Amino acid sequence: MALGLNVFNLFYKFKVLVLVTLFVMVLWTTFSYLVDTRQEIAKAKSMVEFFRKVTSLDYSQKEEKIESTADVPMVKSFQGPCPALSPYLRGATKLSFTPLVTLEEVQKKNPLVAKGRYHPVECSALQHVAILIPHRNREKHLLYLLQHLHPFLQRQQLDYGIYVIHQAGNTKFNRAKLLNVGYLEALKEVNWDCFIFHDVDLVPENDFNIYMCDTQPKHLVVGRNNTGYRLRYRGYFGGVTALTRDQFSKVNGFSNSYWGWGGEDDDLRIRVEMQKMKVVRPPADVARYTMIFHNRDHGNEENRERMKLLRQVSRTWKTDGLNSCSYKLLSVEHNPLYINITVDFSVQPEVSQGPPPPRL
């Protein structure tokens, strides 16, 4: 009798233990299910939000392309700042120029360029850069430069605009004054950080030659093919230069007095040195350019007054520059690949503006 009672008690305890175990397992399963469900809901919400952003970005880009008459906006990327060194750089490239290339072909190969402007969509550019190109009677050279410069700048992940400043009329060519005009007119559109003053016949060969400004004025043409890739002379500061808005304003821009070829780039270097700034350059094996061969243009003959003008820079720089740049503005056209600014220096100027005279 006692043995039977003990067996019954053991069986009862075992049954209770099994029931408790089953109850705990049910509770654990239910809890796990609820946690997983909340995680899945959170994941689903995150995914919906991601696609909403992507759809919104895609829609805004489509709207920007369709609305061709609107100004190109400064698009803020959802990503962080672009890296200091772009992952798309290729290094040295052997350049070739196809005589039959057309503006339409160049435009088709650069679909993200609109009204002369481009911005990277994958990140926020470190600088907003205006490329200023003085121009007259160099349409083929301009086409070659645009063909290579647009993809070059895009690989550097720059937010940039290309301005071509065209001199109309029959007066002698004035490269420096055209660059002053480009600077003043470009700032009416965008508060640019950096300005690249760029000859139309020089094409960069290496995209590690970064088109951004430095803490000091930067000279980008250390060597070119027609000089054996050597610096033309000590102190050379021509061809392609980069200055920030503050640096260029501090020297009162270029002189407006250099009519014809030569002298204006040396004048700018003297102004830079007078402001206790130092010209910096990229490495010689990077800062290489191909110069497109051409004969001297009619109306751009050698300036025989340039040495005299250079001796006067210390006396004239405060009153000869951005603050005295007068010109007749004929048009500003936003073409697909560049902004074309046309001015005439041979008629009574309608525009005379600039910052107040700088102080030493």
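Let us look at the structure shown here. (Residues numbered from 1 in each chain as written. Predicted model: local features only at pLDDT ≥ 70, side-chain atom pairs only at ≥ 80, totals over all residues. Heavy atoms only, no water.)

## A short note on the nonpolar core
Counting residues in hydrophobic clusters, the biggest one holds 38 residues, and the most contacted among them are I131, L153, I162, I196 and Y211. Looking at this core, the elements that each hand over two or more residues are strand 2 (128-135), helix 3 (139-155), strand 3 (159-168), strand 4 (194-198), strand 5 (202-204) and strand 8 (240-244). Looking at this core element by element, the count peaks at eight residues for helix 3. The contact partners of I131, leaving out residues within four places of it in the chain, are L149, L153, G161, I162, Y163, I196, H198 and Y211. In this structure, L243, M277, L322 and I339 belong to the second largest nonpolar core, which totals 31 residues. (Core = buried A, V, L, I, M, F, W, Y, C linked by side-chain atoms within 4.5 Å. Buried < 20%, exposed > 50% of the residue type's maximum accessible area, 1.4 Å probe, protein only. Helix = DSSP H or I, 4+ residues; strand = E, 2+ residues; numbered from the N terminus. Contact = heavy atoms within 4.5 Å.)

## A short note on empty space enclosed by the protein
Following the criterion strictly, the structure yields one cavity of 30 Å³ or more and no others. Of the volumes computed, that of the largest cavity is approximately 50 Å³. Forming the boundary of the largest cavity are C82, P83, A84, S86, L126, Q156, Q157, L158, I210 and M212. (1 Å grid on protein atoms, 1.4 Å probe; cavity = no way out; pocket = protein on both sides within 12 Å on 5 of 7 lines; lining within 4 Å. Points joined across faces, edges and corners; volume = space filled by probe spheres on them.)

## A word on the pairing of strand 8
Along strand 8, five of the five residues are buried, which leaves the element largely enclosed by surrounding structure. Here strand 8 shows a buried face lined by V240, A242 and T244 and a second buried face lined by T241 and L243. Examined bridge by bridge, strand 4 and strand 8 share five bridges and lie antiparallel to one another. Looking at the pairing, I196 lines up with A242 of strand 8. Where strand 6 (residues 218-219) meets strand 8, two bridges bridge the pair, whose relative direction is antiparallel. Each residue of the ladder has a partner; that of H219, found in strand 8, is T241. (Pairing = 2+ DSSP bridges.)

## Things to note about the state of the cysteines
Scanning the entire structure with this criterion turns up two disulfides. The disulfide partner of C82 is C123, and the gap between their sulfur atoms is 1.9 Å. Across the S-S bond of C82 and C123 the torsion is about 90 degrees, and the bridge reads as right-handed. Placement of the pair is C82 in the loop between helix 1 (2-66) and helix 2 (103-108) and C123 in the loop between strand 1 (117-118) and strand 2, with a sequence separation of 41 residues. (Disulfide = S-S within 2.5 Å.)

## Re helix 6 (residues 264-274)
With eight of eleven residues buried, helix 6 lies mostly within the body of the structure. Those residues of helix 6 that sit buried are E264, D265, D266, D267, L268, R269, R271 and V272. Contact partners of the buried residues in helix 6: helix 4 (175-186), strand 8, helix 5 (245-250), helix 7 (306-311) and helix 8 (313-316). K276 sits one or two positions beyond helix 6 and adopts a positive phi of about 60 degrees.

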